[in-house]
2 protein chains.
Amino acid sequence: MKKEIAFVSDGSVTTPIGFLAAGVHCGIKANGKKDLALIYSERPCIAAGTFTTNKMKAAPVIVTQENLRPAQASIKAIVANSGIANSCTGKQGIMDARETCDLVAKALNILPEQVVVASTGRIGIRLPMDKIAQGITEAAKKLSSAGGIDAAHAIMTTDTFPKYGAVKFKLNQTTIHIGGIAKGAGMIAPKMATMLCFVTTDADITKTCLKKALSNAVEVTFNSITVDGDTSTNDMVVLLANGAAKNERINNVSSDSYRLFEEALTMLLRHFAQAIARDGEGSTKFIEITVKGAVTEQEAKAIGLTVANSNLVKCSLFGGDPNIGRIAAAIGRAPARLSAEKVSVWINDTCVMRDGTIIEFDRERLRSQLKSSPNVFIQIDLALGKASWTVWTCDLTYDYVRLNAEYEI
Amino acid sequence: MKKEIAFVSDGSVTTPIGFLAAGVHCGIKANGKKDLALIYSERPCIAAGTFTTNKMKAAPVIVTQENLRPAQASIKAIVANSGIANSCTGKQGIMDARETCDLVAKALNILPEQVVVASTGRIGIRLPMDKIAQGITEAAKKLSSAGGIDAAHAIMTTDTFPKYGAVKFKLNQTTIHIGGIAKGAGMIAPKMATMLCFVTTDADITKTCLKKALSNAVEVTFNSITVDGDTSTNDMVVLLANGAAKNERINNVSSDSYRLFEEALTMLLRHFAQAIARDGEGSTKFIEITVKGAVTEQEAKAIGLTVANSNLVKCSLFGGDPNIGRIAAAIGRAPARLSAEKVSVWINDTCVMRDGTIIEFDRERLRSQLKSSPNVFIQIDLALGKASWTVWTCDLTYDYVRLNAEYEI
């Protein structure tokens, strides 16, 4: 089997066969921008989802988890609004999320339990159900195989650019597509308390395989990014598979076809994860941190995320200052085994710490490199074991503070 | 026994009988400010210390831990410099820290192992030993019972004000003093990876009692503050007791006299902890967060610290925005048991969330209160159990980013 996975130009959630979408302005966002997305599959889908681990779960998360729970759950639509999160809204919020499903069911002639519902935005405010109803009616009319990018716009909040993409690959002679849209920006941290991401595929695949592929792919992508360590009450990744590609069913997690599917899914989700880190609120720099030589992958990841979440590291990189001490201090407080006298660190191609000691390096050259480039690569070698992990984040800037001190949708 | 503990006006590390101190400029800080502190006890002291849990320990931490380790350790001096941390400096750093002890021993005619050594400042740079030597000589000459406040100045880095204080209380007819100096500002987070604090007492107390009192007091004070979640490679709290008050020895952790000592020590350390949170880098607001109704104190503390470390919460309070959603989201991601539908939250005297639902409140009144006052009180009631905890932090501001993007001593 040739392992060729390719990105589809301008691909999105409507690239896989049989998926339609739309994004409309229903009136939640005061600036007139799109704020309601609808995704529809002509065929019933099996679904897998990962959800926020936050214990203050928003109403749409609770309702979607209910709809996905039955073993035979068959999903046909996703509805998502931006601007209001429908979180911390009590029983009324649950009723509003359920009513949103009812409205979609009515508009598309499906069952309410076939709907995935999601919200993002301001917490503690009720959804304006009249506007939601109107938006759903309008979106249902506008559904098209070209609507994926509109849908990507409609789930944005503080994102500065829409996030969409698709990949394709061949299983024997059959082309399989996986497409998606995502939103992020702030309150991004791992444990699937990250953001919204809706993924579609025309692959014919069993639920067991779909779930495992999603969970593995999320671990190395969305669970490896952080903007501020904060996690949201609302976030979910949902993956729908409608089987429209009519491939030989992927039904064995040890098979080559499964592995190819998981690899393609991971490629797509990594694309979204990196786009989200790159678009972190107020950020000016994309930061990739690779930790190697750890005893376990989990410990490599713990160190990577601790460095990525360090305000001091993030501020110094914003200022273009190679402040190795702060990186060292963050490494040292992570929950992971290390020997201080074995740790080496590189920033871009410059070794700045060898065997636990900060060494002489061309500080002015590195500083000017940091000031001029939007990308920073940090490599940490613990020289203890063989495990490694890569995480992504962004810098901490005046604009992050401004955006979050003055946040009003 | 009357439990009267009083703060001593302008008290410091030299308030207890028999302690002298000095703070001088030895030439590390380019701005000419004091950068070397020396504390001396005329009588040998028993000592207790808590140290950074960061695995990238600075040389002075390693050397001080060596000097405090022997059961019969008898300490007579503390030397601390600001400006350079002597961290990530390898074997040379250890040699420099030991040489610093040697220099103090020589100047004061004591043994090198009777010296506690500490450093704070820029990481990865060697100490200028000639300047340190000169500073020690000068400080030794200037030692006086009025020198505690100079010493407090000499350990400052980005602190905007010096931190010193003392308390006194009577054990039977004998007056006991406890005094100290501290520094903080950034890289403040619990687990005794916090800052420098040197405490002196003239109490006659056993080492067992001294250690337990310090460890208990640190847990509810320094381990309950956070500025940015970052922890340092250098930090320590060291408590010296010289017995000069000649009280009946405190030798039983169940005794009233021990309890009074611990209470007085806790009062003093709380004073420092709050001053450090109040002086968080770039901060404009002091934030006190009390969590009650938790199942365990540890879980109450975990929630308090998660809210305190949330960049989103800290930015919104900087902006005077009562963004309850972010507080709720931080509560929900803390490692603690809770029932979302039982959580209630107050900001100052305003209830903003009841039983998991954000309620109507006078948003404009609260907003103007937040904008005009330098103090914010958040109370969270989980309504699950009986445990509570209080933590302190500050807001996240443009100046935090500026200070840490442009940090140069």
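Please read all numbers here as calculations on a predicted model, not as lab measurements. (Residues numbered from 1 in each chain as written. Chains lettered and ligands numbered in written order. Predicted model: local features only at pLDDT ≥ 70, side-chain atom pairs only at ≥ 80, totals over all residues. Heavy atoms only, no water.)

Draft legend 1. Focus on the sheet that holds strand β14 (residues 375-381) of chain A. All names here are of chain A. Spatially, six strands are ordered β13-β12-β11-β14-β10-β15 in an open sheet, and the strand pairing comes out mixed. Two strands close off the open sheet at either side, each with one partner strand: β13 (357-358) and β15 (387-394). Direction of pairing for strand β11 (residues 344-347) relative to β14: antiparallel, over a ladder of four bridges. Considered in β14, the bridge of Ile-347 is made with Ile-378. Packing of helix α9 (residues 324-333) onto the sheet brings it into contact with β11, β12 (350-354), β13 and β14, and relative to β11 it is tilted by some 130 degrees. (Pairing = 2+ DSSP bridges. Helix = DSSP H or I, 4+ residues; strand = E, 2+ residues; numbered from the N terminus. Contact = heavy atoms within 4.5 Å. Axes fitted to C-alpha atoms, helices over the stretch in contact; angles between N-to-C directions.)

Draft legend 2. Structural context of the packing of helix α8 (residues 311-318) of chain A against helix α11 (residues 398-405) of chain B. Interhelical geometry of α8 of chain A versus α11 of chain B gives an angle of 70 degrees and a closest axis separation of 7 Å. As far as their axial angle goes, α11 of chain B and α8 of chain A are roughly perpendicular. Here Asn-311, Leu-312, Cys-315, Ser-316 and Phe-318 of chain A of α8 of chain A come into contact with α11 of chain B, specifically with Tyr-400, Val-401, Asn-404 and Ala-405 of chain B. Classifying every residue of the contact of α8 of chain A with α11 of chain B by side-chain character gives six nonpolar, three polar and no charged. (Parallel < 35°, antiparallel > 145°, perpendicular 65-115°, else oblique. Nonpolar A, V, L, I, M, F, W, Y, C, P; charged D, E, K, R; others polar.)

Draft legend 3. Looking closely at the domain arrangement of chain A. Residues and elements named next belong to chain A. Here the domain parsing of chain A yields domain 1 (6-278) and domain 2 (286-405). When each unit is reduced to the centre of its C-alpha atoms, the spacing between domain 1 and domain 2 is 32 Å. Of the roughly 1,300 Å² buried at the junction of domain 1 and domain 2 (both faces included), carbon and sulfur atoms supply 59%. Summed over the shared surface of domain 1 and domain 2, the number is one salt bridge. For Lys-301, the salt bridge goes to Glu-219, with nearest N and O atoms at 2.5 Å. For the pair domain 1 and domain 2, the number of links is five residue pairs in polar contact (both at pLDDT 80 or more). For the side of domain 1 that touches domain 2, the secondary structure elements donating two or more residues are α5 (207-220) and α6 (256-278). Ranked by residue count, the leading element in the side of domain 1 that touches domain 2 is α6, at four residues. Here the side of domain 1 that touches domain 2 is composed, by residue class, of five nonpolar, seven polar and four charged. (Domains from an automatic or database assignment. Buried area = accessible area lost by both parts, 1.4 Å probe. Salt bridge = Lys/Arg side-chain N within 4 Å of Asp/Glu carboxyl O. Polar contact = N/O pair within 3.5 Å; in protein donor to acceptor, adjacent residues only side chain to side chain.)

Draft legend 4. Molecular detail of the sheet that holds strand β15 (residues 387-394) of chain B. All names here are of chain B. In space, the six strands of this open sheet follow the order β13-β12-β11-β14-β10-β15, with mixed pairing throughout. Each edge of the open sheet is held by one strand with a lone partner, namely β13 (357-358) and β15. Bridge count for strand β12 (residues 350-354) against β13 is two bridges, and the pairing is antiparallel. By the bridge assignment for β13, Arg-354 is matched with Thr-357. Taken strand by strand, helix α9 (residues 324-333) contacts β11 (344-347), β12, β13 and β14 (375-381), and its axis lies near 130 degrees from that of β11. Those strands touched by helix α10 (residues 363-372) are β11, β12 and β14, and its axis lies near 120 degrees from that of β12.

Draft legend 5. Structural detail: the pairing of β12 of chain B. Residues and elements named next belong to chain B. Summarising burial for β12: four of the five residues are buried, a large majority. Pairing geometry for β11 and β12, over three bridges, is antiparallel. Bridging from a neighbouring strand, Ile-347 pairs with Thr-350 of β12. Linking β11 to β12, which pair antiparallel, is a turn of two residues; within it Asn-348 sits at a positive phi near 50 degrees. (Buried < 20%, exposed > 50% of the residue type's maximum accessible area, 1.4 Å probe, protein only.)

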